[in-house]
Amino acid sequence: MNKNYDPLRRTPVMQLSSRLRDIRTAMANRRTIRLANRRLADELASFRSTSERAELDELLSRHSDPETAQIRAILYRQDVQRQQSQLRQTAGLGGYLG
């Protein structure tokens with residue numbers, strides 16, 4: 001019987017060192033993507049005024065939806081967060097913002 005084949009899973013057996021290397025590589029790639037997304041979100045957060053957002057929307061409208069999907073998702077998330085924070089800041093009786 002072949003040592004590099006698992007009959008129960010019907011798949012080749014991967015060496016532990018190979019698995020660990022693949023996992024480390026995948027984690028490093030995910031970390032890099034998260035960092036890039038965070039930087040993009042921080043940069044997009046600087047577009048706060050109505051005129052800045054209108055200019056940004058105009059730029060985005062020149063490109064296809066698949067090209068701008070990530071940016072639009074970030075902008076939507078930021079808009080929702082701003083609206084929620086504005087609702088929380090309008091305190092009711094006693095000034096409780098809880």
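About the cut-offs
- The residue numbering used here restarts from 1 in each chain and proceeds along that chain's sequence as written.
- Owing to the predicted nature of the model, reporting of local features is limited to residues with pLDDT of at least 70; listing and counting of side-chain atom pairs is limited to 80 or more, with chain, interface and lining totals taken over all residues.
- To get the side-chain values, take all heavy atoms of the structure and skip hydrogens and water.
- Patch membership requires over 30% relative accessible area and the absence of a salt bridge. Like charges are linked within 9 Å, and nonpolar side chains (Val, Leu, Ile, Met, Phe, Trp, Tyr) within 5 Å.
- Note on areas: Shrake-Rupley with a 1.4 Å probe; residue coverage comes only from the protein chains shown.
- Between Lys or Arg on one side and Asp or Glu on the other, a salt bridge is scored when a side-chain nitrogen of the former is within 4 Å of a carboxyl oxygen of the latter.
- In this charge count, Lys and Arg are treated as positive and Asp and Glu as negative; neither His nor the chain ends contribute.
- By convention, the charge on Lys lies at NZ, on Arg at CZ, on Asp at CG and on Glu at CD.
- Runs of E in the DSSP output that reach at least two residues are strands. Runs of H or I that reach at least four are helices, and both are numbered from the N terminus.
- When accessible area is computed with a 1.4 Å probe and restricted to protein chains, residues below 20% of their type maximum are described as buried, those above 50% as exposed, and intermediate ones as partly exposed.
- The span you would expect from a helix comes to 1.5 Å times its residue count less one.
- As used here, the arc belongs to the directions running from the helix axis to the C-beta atoms.
- By definition, pLDDT measures how confident the predictor is in each residue, and it falls between 0 and 100.
- Buried residues of nine kinds, namely Ala, Val, Leu, Ile, Met, Phe, Trp, Tyr and Cys, make up a nonpolar core once their side-chain atoms join them within 4.5 Å.
- Throughout, a contact is declared for two residues whenever any of their heavy atoms are within 4.5 Å.

Novice: It is not clear to me how a positive patch on the surface should be interpreted in this structure. Could you clarify?
Specialist: There is a patch of like positive charges on the surface, built from Arg 30, Arg 31, Arg 34 and Arg 38. With respect to the secondary-structure elements, Arg 34 resides in helix 1 (residues 16–45). Residue class for Arg 34 comes out partly exposed when judged on its relative accessible area of 43%.

Novice: Hey, could you run me through helix 2 (residues 50–61) in this one?
Specialist: Along an α-helix, a turn takes 3.6 residues, which lines up residues three or four apart on a common side. Between the first and last C-alpha of helix 2 there are 16 Å, a value that for 12 residues agrees with the 16 Å anticipated at 1.5 Å per step. Listed as buried for helix 2 are Arg 53, Leu 56 and Leu 60. Projected onto a plane normal to the axis of helix 2, the buried residues spread over an arc of 60 degrees and lie on a single side. Of the residues in helix 2, the exposed ones pointing more than 90 degrees away from the buried face are Thr 50, Ser 51 and Glu 55.

Novice: I keep staring at the pattern of salt bridges and nothing clicks. Help me out?
Specialist: As a working rule, side chains carrying opposite charge can pair if their charged atoms are close by. Tallying each qualifying case throughout the model produces three salt bridges. A salt bridge links Arg 53 to Asp 79, with the shortest nitrogen-to-oxygen separation between them at 2.8 Å. Here Arg 53 is found in helix 2, whereas its partner Asp 79 is found in helix 3 (residues 65–89), with 26 residues between them in sequence. Using a relative accessible area of 14% as the deciding quantity, one classes Arg 53 as buried.

Novice: How do you make sense of the confidence of the model for the protein chain when you look at a structure like this?
Specialist: As a general rule, the predicted coordinates of low-pLDDT regions are not to be interpreted in detail. When pLDDT is averaged across the protein chain, the result is 84; 74% of the residues are at 70 or more. Considering each helix and strand of the protein chain separately, the mean pLDDT is smallest for strand 1 (residues 5–6), with a value of 63, and largest for helix 1, with 93.

Novice: Sorry, what's going on with the nonpolar core here?
Specialist: For soluble globular proteins, nonpolar side chains are generally found buried alongside one another. Within the largest apolar cluster, six residues are counted, these being Ala 41, Leu 44, Leu 56, Leu 60, Ile 74 and Leu 75. With near-sequence residues (within four places) excluded, Leu 75 lies in contact with Leu 44, Arg 53, Leu 56 and Leu 60.

Novice: When you look at the side chain of Gln 78 in this model, what are you seeing that I'm missing?
Specialist: Within the fold, Gln 78 resides in helix 3. For Gln 78, a relative accessible area of 10% corresponds to the buried category. In this structure, Gln 78 is in contact with Ala 41, Leu 44 and Ala 45, ignoring residues within four places of it in sequence.

Novice: How should the environment of Ala 45 be read in this particular structure?
Specialist: One can find Ala 45 in helix 1. Given the relative accessible area of 22%, Ala 45 is considered partly exposed. For Ala 45 and Asp 79, which are 34 residues apart along the polypeptide, the C-alpha to C-alpha distance reads 9.5 Å. Setting aside its immediate chain neighbours within four residues, Ala 45 contacts Gln 78 and Arg 82.

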